[in-house]
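What follows is each chain in one-letter form.
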Amino acid sequence: AQAPEWKSAACGDSFASAVSELMEAVPQEEVPQPQSAPCEEPLAKRSKMEPAQEDVPMKEEESTAAEDEEPPEAADSRPSVPAKYEELQALIDAVFDAWDHDGTGRISFEEILPHYMKSAHHHNLLEPEVRLGFEQFMESEGRKASEGMDLEFFRKWLSKLTDNQVASHYVRHVQGWTSKPYKMNLGTAIVKAYRHKTLKEILDGPVHALRGLSELGEDALAPLGLHTVRDVGGWRCFILARAICALASKEVPEEPAEEEGGCLHHVNIRNMLVAEHEAAPLKHVLDLPVSAFSMFPEQGDEALQHIKIRTIRHLGNRKYFHWANAMLELEQFEA
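Everything quoted here is computed from the prediction, not taken from an experiment.

S.K.: Help me get a handle on the packing of helix H11 (residues 236–247) against helix H15 (residues 319–331), residues and values and all.
M.R.: It is at 11 Å that the axes of H11 and H15 come closest, and there the two elements cross at 105°. What the angle tells us is that H11 and H15 run roughly perpendicular. Seen from H11, the contacting residues are Phe238, Ile239 and Arg242; seen from H15, they are Phe321, His322 and Asn325. For the contact of H11 with H15, the class distribution of residues is 3 nonpolar, 2 polar and 1 charged.

Shown next as structure tokens:
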């Protein structure tokens with residue numbers, strides 16, 4: 001079966017072709033290097049790739065020379081596919097799991113978008129154009145774009161790829177191989193034990209993985225419902241406090257209302273503030289205790305005092321929360 005094509009509304013390219021280009025982006029002249037911690041098995045001990053029965057693609061003229069000239073240990077250093085993925089469908093299923101970032105069992109447009117835009121022929125497209133193309137493609141297949149792709153449809157979509165293309169895709173997106181080692185790190189934001197972990201592993205780690213919170217212990221922020229770095233980065237009270245800090249300075253001097261109970265302005269966040277503060281200006285809200293947020297837990301004040309947070313201004317500017325939130329934003333683009 002041929003994979004259905006997603007034709008871009010902007011340039012008419014098929015999305016299936018974009019996937020093929022993505023496969024072929026695996027380096028042709030050098031063997032990809034694995035992203036592994038120093039303690040993991042050395043690359044030279046890995047076995048040859050199966051079930052594609054061929055290594056990561058090389059130029060045809062280089063392939064014969066490589067077979068004749070490479071020593072056995074160099075040949076063995078190429079990426080391998082674990083034995084449990086001997087069948088092509090299992091490889092595709094693993095790629096699906098890698099793209100299914102939120103683990104819902106469906107791949108959404110947002111999860112597909114980075115892979116599509118990374119393709120060489122789509123750098124000049126804008127996201128709204130690509131989104132429209134995706135919606136038209138899904139509609140042509142009798143599916144709703146909002147529902148995304150399930151595993152069965154994903155298998156059909158990738159069925160036109162060769163075995164070697166799928167295997168290469170697996171190596172890149174499941175095993176995480178690259179032509180060069182990653183050089184990003186978060187060394188001054190996290191404790192030493194987490195410096196060689198992925199963003200996902202850091203986010204799923206305890207709050208004391210963040211530098212500055214490590215001495216507080218694992219349950220220090222538990223009264224706030226914060227048990228992991230992910231919880232810290234996505235905490236609704238912090239996100240609101242940060243927004244208030246960003247906009248408070250943009251308020252104009254307060255003007256008197258025309259009449260008692262009048263409504264001079266319409267901007268408000270009353271659904272988030274307790275009743276006594278719901279009409280206050282942002283500049284005033286900045287210096288209120290965090291308990292002025294209606295969703296703040298009653299037992300939370302003491303927990304915040306441990307990290308010297310007494311006001312909404314303090315919370316909105318506290319570095320630990322900014323670090324965790326930034327990691328949360330970047331995680332969705334981690335391979």
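S.K.: Quick one: what's the story with the pattern of salt bridges, residue by residue and with numbers?
M.R.: Evaluated as defined, the whole model comprises 10 salt bridges. The closest approach of N and O atoms between Glu141 and Lys156, which form a salt bridge, is 3.7 Å. Taken as a pair, Glu141 in the loop between helix H6 (127–140) and strand S2 (149–150) and Lys156 in helix H7 (residues 151–157) lie far apart in primary sequence, 15 residues in all. With its nearest N and O atoms 2.9 Å apart, the salt bridge here joins Glu331 to Arg230. Taken together, the residues span a long stretch of sequence, with Glu331 in helix H15 and Arg230 in helix H10 (residues 229–233) at a distance of 101 residues. With relative accessibility at 6%, the residue Glu331 sits in the buried group. Residue classification places Arg230 among the partly exposed residues on the basis of a relative accessible area of 25%.

S.K.: Which residues make up the nonpolar core, and what values go with them?
M.R.: Nonpolar side chains tend to gather and get buried jointly when the protein is soluble and globular. In this structure, Trp235, Phe293, Leu315, Phe321 and Met327 are the most contacted members of the largest nonpolar core, which totals 43 residues. If you list the elements that add at least two residues to this core, you get helix H9 (199–203), H10, H11, helix H12 (282–285), helix H13 (300–305), helix H14 (312–317) and H15. If you tally residues by element for this core, the top one is H11, at 5 residues. Non-local contacts of Trp235, meaning those with residues more than four positions away in its chain, are made with Leu224, Leu226, Phe296, Leu304, Leu315 and Phe321. Core analysis: the next-biggest nonpolar cluster, separate from the first, contains 27 residues, Leu91, Ile107, Ile112 and Leu125 among them.

How each quantity is defined
- Every chain is numbered on its own, with residues counted from 1 as its sequence reads.
- The model is predicted, so local features are restricted to residues of pLDDT at least 70 and side-chain atom pairs to those at 80 or more, both for listing and for counting; the totals for chains, interfaces and linings are taken over all residues.
- Just so you know, side-chain values use all the structure's heavy atoms and leave hydrogens and water out.
- Here an axis means a line fitted to C-alpha atoms, over the contact stretch when the element is a helix, while the angle between two N-to-C directions is reported on a 0 to 180 degree scale.
- Here a helix means four or more residues in a row that DSSP labels H or I, a strand means two or more in a row labelled E, and each is numbered from the N terminus.
- Small angles under 35 degrees read as roughly parallel and large ones over 145 as roughly antiparallel, with 65 to 115 read as roughly perpendicular and the rest as oblique.
- The contact criterion used is simple: two residues touch if any of their non-hydrogen atoms lie within 4.5 Å.
- The residue classification treats Ala, Val, Leu, Ile, Met, Phe, Trp, Tyr, Cys and Pro as nonpolar and Asp, Glu, Lys and Arg as charged. All others, Gly included, are polar.
- Salt bridge, as used here: a side-chain nitrogen of Lys or Arg that lies within 4 Å of a carboxyl oxygen of Asp or Glu.
- Throughout this description, buried means an accessible area under 20% of the type-specific maximum (1.4 Å probe, protein chains only), exposed means over 50%, and partly exposed covers the range between.
- Put simply, buried Ala, Val, Leu, Ile, Met, Phe, Trp, Tyr and Cys residues joined by side-chain atoms within 4.5 Å make one nonpolar core.

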